[in-house]
Amino acid sequence: MRGIRLSWLLGAVFLVLPCRPTPAQDGPGLLREASAPGRIDGQAAEKYRQSLPEQATQQAVVAVATAPAPKASPAPAPPERRLGYYGALAVALLLALAALAAVHIGRKRKAEAERRRAEAERLKAAAPPPPQPDDEAALQAGAADEAKGDTLADYVLRANKTPEFLSRCQGRPDEFLAGYARSFLKLGAWEVSAALLRGKKDLTSGERLLCQALETIIQGRGGRPAAEVYAESLLLAAELSRLGGHDEALALLTPALAQRAAASASDCLVVARVHQAADRVSDFLAQAKERRQAQFHKAYAAAFYALQDPETALALIRMKRLMEGSDYPLFVACHKELGRIAQLNLAAVPDADRIPLAEALMQAGEDAAALRALQEDRLEALSRMDLTVALRICHRLKDIETAARLFQQIKLTVGLADAPELYALYALVCEEVGRGREARDVYDEILRRFPDHQEATERLRNLSRNK
């Protein structure tokens, strides 16, 4: 095979190689005329002997004249022709390589397709035959084993054999019908599940509520086809919870459904409301601890807070391994709702999160706690942004003492050259508490270093006007 590929490559190269120029030919030789042979008589012989010396001289001259001239080297091909030759050679090589690559890829794809086909045939041969609803042994096995019942129910729906299945279920024991009703319920086949339940001789209170809820959902469709199982299950769980069938509603809220609901605020509310109505919030928290998805905890924390359950919301938001800046408004709201702002564990808050926490506290009207959150239990010194937020809080609180301490720190660590905005913020605090002269001194200091500082100029003008 490799020899065939090489022959293809060489063939492509030789096809496009132009003919090289041939060397110049020798000059044309002298044409000699041969006289016709004839008889030589005595007179002619005498004439021949007399002409021999003359012929010798002529032959010497002719020998010199007819000597082959030295061969001249062929003239080099013009540059344009050389470029065309090498370009054609490069194109030929590229075409040959492309052809080889195409052949290789085609064979690789074909081999992969053959492998997949063989694997599919192997799996098909190894798979057990699908259960048949007209097989009595399969029907009995499905009624006794939930997994087998789920498999058979799925086959019945896919094969469109529901009428045949229901006809064979008539008169069966209640346990038989209840088992298959659960299997079809998981698949969202409400009509089949309701028909099986109605075939029972004795319905439990939960089953009666389930039948009632199923009929409500089916009638609510208005003849339209059912939605996907996820959406229908949420509707059914909400209806069962409304009717008081809490255990039946919770049975529909599988872990997979609860995880998917975390992507929608309205769906989270349904799941949270069902657990709240069933007084099973503790069960939900136990399951949530096993999860590692931060979005899950955040979404359900917001849902339970909306349902006026800040305790559960706070427990969920704390389950996040790393809190984000967007988590702190809800975190603070839960603490405030529970009256625990003073109990905030600042030592557990990273320095990088102090500003989001302080801003969330300011939004909640907890300015003093915000100032404390910026300063207490820190591992590192306050950054410029920390100092900016702290001075803003001092301005709102009219806390000149804290502002003065911060200003001394600013002068020692940052300085006017790098942070004129911090000097201006301190001057604003001085204005707020009636220390106009000190504020003017700070503005003057700013303008000496930054003559074009617009805010300092304007504030100083206002101070002079109101003096």
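The structure this text deals with has already been given above.
Residues numbered from 1 in each chain as written. Predicted model: local features only at pLDDT ≥ 70, side-chain atom pairs only at ≥ 80, totals over all residues. Heavy atoms only, no water.

### Let's talk about the pattern of salt bridges
The following threshold applies: For salt bridges, the criterion is a side-chain nitrogen of Lys or Arg within 4 Å of an Asp or Glu carboxyl oxygen. Secondary structure counts use DSSP, requiring at least four H or I residues in a row for a helix and at least two E residues in a row for a strand, with both numbered from the N terminus. Burial here depends on accessible area, computed with a 1.4 Å probe over protein chains only, as a share of the maximum for the residue type. Under 20% is buried, over 50% is exposed, and the range in between is partly exposed.
Applying the stated criterion across every chain, the model contains 27 salt bridges. Among the ionic pairs, E215 bridges to R198, the shortest N-O distance being 3.5 Å. A residue pair is termed long-range when its members are at least 10 positions apart, and E215 in helix 10 (residues 205-220) and R198 in helix 9 (residues 190-198) qualify at 17 residues. E215 sits in the partly exposed class, given a relative accessible area of 33%.

### Some details on the environment of A144
Within the secondary structure layout, A144 lies in helix 5 (residues 136-144). Distance in space between the C-alpha atoms of A144 and E175 is 8.7 Å, their sequence separation being 31 residues.

### Some points on the packing of aromatic side chains
Defined as follows: Any Phe, Tyr or Trp ring, taking Trp's six-membered ring, that has another such ring centre within 6.5 Å forms a pair; planes under 30 degrees apart are called stacked, those over 60 apart edge-to-face, and the others tilted.
In this structure the tally under the stated criterion is 10 aromatic pairs. Measuring from ring centre to ring centre gives 4.7 Å for F296 and Y300, while their planes differ by 50°; the resulting arrangement is tilted. Separated by 4 residues within a single helix, F296 and Y300 lie in helix 16 (residues 294-306), roughly one turn from each other. The burial state of F296 is the same as that of Y300; both residues are buried. Seen from their ring centres, Y328 and F331 are 5.9 Å apart, and the 85° between their planes marks the pair as edge-to-face. With Y328 and F331 both in helix 18 (residues 328-337) and 3 residues apart, the pair spans about one turn of that helix. Per residue, the accessibility class of Y328 equals that of F331, and both read buried.

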